[in-house]
Amino acid sequence: MMLMIDRRLFGEIDWVLLALILLQSLVGVFFIYSSTHFLPGAYYVRQLVWIGISLAVLFLVLAIDYKFFVALSGYFYGLVVIMLVALLVFARIVAGTKSWFTMGLMQAQPSEVAKIVLILVFARLFAEYKRGYLTTSHTLFALGVAGVPLLLIVLQPDLGTAMTFLAIIGGAFLLAGLRKKAIVLLLLAALALGVGGWTVALKDYQKKRVTTLINPAGDPRGSGYQVIQSKIAIGSGGFTGKGFRKGTQSQLRFLPARHTDFIFSVIGEETGFLGVFIVIALYFVLLARMFLSVGKARDRAGVYIIFTATLLIAFQFLVNILMIIGLFPVVGITLPFLSYGGSSLLTTYVACGLVLNVKMRRFANV
Amino acid sequence: MSRERIYEDLTLVQRRANVVFWIFAGLLLLTLSYYWKVQILEHKKYLGMAEANRIRMRELAAPRGLILDRAGGKLADNRASFKVSLNRENVKNESVSYPAICRLLGIDEPTLRNRIALHKDLPSHEPVVIADGLTPEDVAPIESRRLELPELVVESEPQRYYPGGGLAAHVVGYVQELTAEEIRARPDRKVRGGEMLGRTGVERQYDDILRGQDGIAYDVVDSLGRFQGEQSRQYPLKGRDITLTIDPALQAEAVKSLEGREGVIVALDAETGGVLALASYPTFDPNRFITRFTPAEWSQLTTDPLSPLENRAIRGLYAPGSIFKLVMSLGGLDGGFVTPETTVFCSGATEIYGSVRHCWFAPGHGAMDLAAAIRNSCNIYFYSLGRRMGIEPIAAAARRLGLGRRTGIDLVGEKEGLVPDTEWKSKTFHAPWFPGETISVAIGQGQLQVTPIQIAAMTALIARRGRPVQPHLLGGRDEPKTPDAPSPVYALTSFESVIEGMWRSVNEGGTGAQARVEGFEACGKTGSTQTISREAAERLALAGHPVKTHSWFSGFAPRVGPKIVVTVLVEFGGGGGATSGPIAGRLFEIYKKELESR
């Protein structure tokens, strides 16, 4: 099964998509530079290194038939659950949550790995499912499989990743086909879970983030501060922006998490609506090309991989650009390709790698 | 792998995937439209908020206008001084930062905390001035610790400086920092930290002119309020310079003459009413108000029984004594109670309304006409005139000559004095006027109260033969012109008679003889006012504790075409002729030389 890439397969790689991915990543590097050039640490160089590493991993993913990953997904699943449990038990607390393993200079985030594993597990779970609609037992089984890592991630707590999980689960269910009754039931369950979670599980700072969404001015110094400053940055950018490295909100550090979660605010401030439009358009073309690849998949597992992997990126993208303009609670979701950070970049590239992998091997058994 | 699995039917899932994609696309479009709303439609609002974030306005002190004497000498100057302010926003830990600041500035911590508490109502980004009047050497150690103490701001700003110290303190006045109460009392007004306000004297009177207009610097700050550079600035406009009528030589002499005494000297330009010299003693150093007092210094200054802060020229109330005989003469001549030829015999004492009244010259002056009575300042003559006139004509004459009301000099706080009459007596004491009181008033005693500036203005009016002038300090091109009076207050002949007596007093061995200046034709009148009753004074003198009288001299020179009026009052100075006369003489002398050298 395991095939090294041969010439013919090499020619089947969607180079346009790969170019779009790299282009978007380089846009990110520019604005990481703009928002950190006055800080020590050369963040943009580190990001370039991460892009290189991620690209290498992407090609590694391409080299191996996705069916192999799907076949091994059960083992991956077991491993990632063990990692998540270990994390809760051992990992040192970083930034108030337990989501980081420290491994020398490199830091691995098991919940990022879990996203990829979930994509593969679901591909396997639904690959053999050829009915038009999901049955109750199958739904519950899939929920159970996804629920274990989800619960472990909620316990960290990493609300952003948990939400991304929910998006992947929901997307997979939609694809498999949900009856109206099931949709209503799931929504009711989600509502019950939401209300229950709000009163029992959510920490105060998380609740505050939700209430702040409704009234950011209610807490301008606390959690509302980020959203207010971000909105000021974006709004003050106007149509053409203040110019590269000339955004006052970012350069004078009024904007929080400039190079990570709020990188798009920097783009909005320094390049204005024009820049926002271009980056969103670029994103749209990229995601459209990925989504519409479902037609190129040779089997059901491939469809699920392309769809959920693309949804993973699309969901994070949408939530991030809604979050920084105050339309969604600040949940710590990065902007794929653009935000600084190796872990999320690597996850994104692996997801893209899976999509390219499926697309590349659309002709069966060649 | 079988062929059927290669060609399995995926259209259903692919169609569902497409539906999800287009839902996503729709959401993206909605999101983009919201970005349009924020970035294009609400751009102005957010740009304003971004500017408010990064721009902090800083007031730039305008240098006050200078105050110059008539020769262009600086009575109030500005010099560069450094001030250290505390930016409370940047204080991380008071218990570390405050002791460090105190060590650097050499102050104790309670003082520092008091200063900060004083300004607790100011917004926290407004710096509080904690030390000023510093030299470059003082601030060097602070500058070198800038990084350790980012909460300290060192700025250079113009500071008021009075080169003459106490020389013209009561004329120039002083400036002082606005107090917390004053800042609170005027919430409409933007107050700069450490802003100075003219408190007394010319500094207060012409504060609006001298103040100038503060500038604004628009500083760029980062999210921690740290200074990042200056965006632009509106430069401060320096206040206008003011030239006073003060003559530096006369002022210096006046202050010198009063040294070690309590008293007042006022010299007016007889032609314009401009104040050539105004000295009130004891005096104070106005520079001390700028560099802030210690509480001990302040209480010493305010509780000093000699009240050095009081401007006695406009606020000191004294009995005019024999100076009032000029009022009696003019009023008497006008009302026909006396003529220049009216003669009275002085035997040294006389009995009026059943009590014996003495002349100051016990042997008696003998028979005298009006001019001789003024020359000798004979009490008997004026007792007699007072009895004939009665209080109402006397009070009317006093008011006509400017007593009992402010002269209107351009200084704040001038007092009115008091001209008593029957109406005043019944209003104040609900008692009738007794004729005996008239006799006291006739020689300038009793309830009469005048300020030295009133006496100077009255003397100028006499010198100008009934045409008043407005005493004023503002000189140079802003100097107010006294409009020419259409007709004199009294008949010219009356003035000539009185002036004849004043001339004789100085030039023919009268009481004012010591004010005589060869070739300057000075005319004057002396006064020695009792501060306690004559009987009590005599008793104390017998017991070996002589109580001296206040010593007056008021006169002008030359007799024809008068140029200068000088009024001298020395508290407890003894006889007017002996103490105040020579002082006036020296001032006449100096001014005569000045006039000759012009």
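Note that this is a predicted model, so its numbers are computed, not measured.

J.: Just give me the short version of the overall build of chain B, but keep the residues and values in it.
T.: Per the secondary structure count, chain B includes 24 helices and 19 strands. Over its C-alpha trace chain B gives a radius of gyration of 36 Å, far above what one expects of a compact globule, namely 25 Å for 598 residues. Across its three principal axes, chain B shows a C-alpha extent of roughly 160 × 55 × 50 Å. In chain B, the proportion of contacts linking residues at least 24 apart, taken out of those at least 6 apart, comes to 73%.

J.: Describe the sheet that holds strand β1 (residues 55-60) of chain B, listing the residues and the values that go with them.
T.: All names here are of chain B. Strand order in the open sheet formed by three strands is β1-β8-β9, with antiparallel pairing between adjacent strands. Looking at strand neighbours, the two that pair on one side only are β1 and β9 (227-234), the edges of this open sheet. On average, each strand axis in the sheet is tilted by 30 degrees relative to the strand beside it, whichever way the strands run. When β1 meets strand β8 (residues 215-221), the two strands line up antiparallel, connected through six bridges. Bridging across to β8, E59 finds its partner in I216.

J.: Give a detailed account of the packing of helix α2 (residues 15-36) of chain A against helix α12 (residues 263-291) of chain A, specifying residues and quantitative values.
T.: Residues and elements named next belong to chain A. Where α2 meets α12, the closest approach of the two axes is 10 Å, and the angle between their N-to-C directions is 165 degrees. As summarised for this structure, α2 and α12 are arranged roughly antiparallel, according to the angle between their axes. Between α2 and α12 the crossing geometry is left-handed. Seen from α2, the contacting residues are L17, L20, I21, L23, Q24, V27, G28, F31, I32, S34 and S35; seen from α12, they are I263, V266, I267, E270, V279, L282, Y283, V285, L286, R289 and M290. The residue inventory of the contact of α2 with α12, partitioned by class, reads 16 nonpolar, four polar and two charged.

J.: So, the domain arrangement of chain B: which residues are in play, and what are the values?
T.: Residues and elements named next belong to chain B. Splitting chain B by domain gives domain 1 (3-41), domain 2 (56-243) and domain 3 (248-283 + 312-474 + 485-597). Centre-to-centre, using C-alpha coordinates, domain 2 lies 47 Å away from domain 3. Across the boundary between the two partners, domain 2 contributes 15 residues, which contact 13 residues of domain 3. Elements represented by at least two residues in the side of domain 2 that touches domain 3 include exactly α7 (169-172) and α9 (201-205). At four residues, α9 tops the list of elements feeding residues into the side of domain 2 that touches domain 3. Residue composition of the side of domain 2 that touches domain 3, grouped by class: seven nonpolar, six polar and two charged.

J.: Could you give me a rundown of the interface of chain A and chain B, with the residues and numbers involved?
T.: Contacts between chain A and chain B engage 41 residues on the former and 35 residues on the latter. Of all the elements in the fold, those that place two or more residues in the side of chain A that touches chain B are α7 (159-176), α10 (223-237), α11 (248-251), α12 and α13 (300-323) of chain A. Ranked by the residues each element gives to the side of chain A that touches chain B, the list is headed by α12(A), at eight residues. Classifying every residue of the side of chain A that touches chain B by side-chain character gives 24 nonpolar, twelve polar and five charged.

J.: Requested: an account of the pairing of strand β18 (residues 550-557) of chain B, with residues and values cited.
T.: Residues and elements named next belong to chain B. Of all the eight residues making up β18, eight are buried; the element is thus mostly covered by neighbouring parts of the structure. Direction of pairing for strand β17 (residues 523-529) relative to β18: antiparallel, over a ladder of seven bridges. Paired with T526 across the two strands is F553, which belongs to β18. In this structure, β18 lies alongside strand β19 (residues 564-570), joined through seven bridges in antiparallel fashion. Bridge pairing in β19 links G555 to V566. Hairpin connection from β18 to β19: six residues lie between these consecutive antiparallel strands, with G561 at a positive phi of about 65 degrees.

J.: Can you break down the nonpolar core residue by residue, with the values?
T.: Ranked by size, the top nonpolar core spans 118 residues in total, and within it I265(B), V266(B), A267(B), I564(B), V565(B), L587(B) and F588(B) carry the most contacts. When residues in this core are grouped by element, the largest group, nine residues, is from helix α21 (residues 452-463) of chain B. Shared between two domains, this core takes at least three residues from each, and those domains are domain 2 (56-243) and domain 3 (248-283 + 312-474 + 485-597) of chain B. Membership of the second largest hydrophobic core comes to 114 residues, among which are A162(A), V266(A), I313(A) and F315(A).

J.: Which residues make up helix α18 (residues 391-400) of chain B, and what are the values?
T.: Looking only at α18(B), the buried set comprises I391(B), I394(B), A395(B), A397(B) and A398(B). Relative to the axis of α18(B), the buried residues are bounded by an arc of 160 degrees and lie together on one face.

J.: For unusual backbone geometry, give the residues involved together with the corresponding values.
T.: Trans is the prevailing form of peptide bonds, just as negative phi is the prevailing case for residues other than glycine. Residue and element names in this part refer to chain B. Cis geometry is found at the peptide bond from Y281 to P282, where omega equals 5 degrees. The phi torsion at H430 lies on the positive side, around 50 degrees, for a residue other than glycine. Inspection of the secondary structure puts H430 in the loop between α19 (422-429) and α20 (435-442). Under the C-beta neighbour-count criterion, H430 is labelled exposed, with 7 such atoms within 10 Å. Even without being glycine, F572 reaches a positive phi, approximately 50 degrees. You can see F572 is positioned in the loop between β19 and α24 (576-597).

J.: Provide a residue-level description of the sheet that holds β17(B), including the pertinent values.
T.: Residues and elements named next belong to chain B. One open sheet holds the five strands; their spatial order is β12-β11-β19-β18-β17, and the pairing between them is antiparallel. In this open sheet, the two edge strands, each paired with only one partner strand, are β12 (275-281) and β17. Averaged over all adjacent pairs, the angle separating strand axes in this sheet is 5 degrees, with direction ignored. Packed onto the sheet, α21 meets β11 (263-269), β18 and β19 and runs at close to 150 degrees relative to β19.

J.: Help me get a handle on the confidence of the model for chain B, residues and values and all.
T.: Residue and element names in this part refer to chain B. Of all residues in chain B, 96% attain a pLDDT of 70 or more, and the chain-wide mean is 88. Overall, residues 1-6 carries pLDDT values under 50, and its contacts beyond four positions in sequence, including any with other chains, amount to six contacts. Note on the complex model: pTM 0.72, ipTM 0.91.

J.: So, the environment of K180(A): which residues are in play, and what are the values?
T.: All names here are of chain A. Positionally, K180 belongs in helix α8 (residues 180-200). Overall, K180 belongs to the exposed group, with 7 C-beta atoms counted inside 10 Å. Separated by 93 residues in sequence, K180 and L87 place their C-alpha atoms 38 Å apart.

What counts, and at which threshold
- Residues numbered from 1 in each chain as written.
- Chains lettered and ligands numbered in written order.
- Predicted model: local features only at pLDDT ≥ 70, side-chain atom pairs only at ≥ 80, totals over all residues.
- Helix = DSSP H or I, 4+ residues; strand = E, 2+ residues; numbered from the N terminus.
- Rg over C-alpha atoms; globule rule 2.2 N^0.38 Å.
- Contact = placed C-beta atoms within 7 Å.
- Pairing = 2+ DSSP bridges.
- Axes fitted to C-alpha atoms, helices over the stretch in contact; angles between N-to-C directions.
- Parallel < 35°, antiparallel > 145°, perpendicular 65-115°, else oblique.
- Left-handed = near helix turned anticlockwise from the far one by under 90°.
- Nonpolar A, V, L, I, M, F, W, Y, C, P; charged D, E, K, R; others polar.
- Domains from an automatic or database assignment.
- Buried ≥ 20, exposed ≤ 12 C-beta atoms within 10 Å, placed from the backbone.
- Core = buried A, V, L, I, M, F, W, Y, C linked by C-beta atoms within 7 Å.
- Arc of directions from axis to C-beta.
- pLDDT = per-residue confidence, 0-100.

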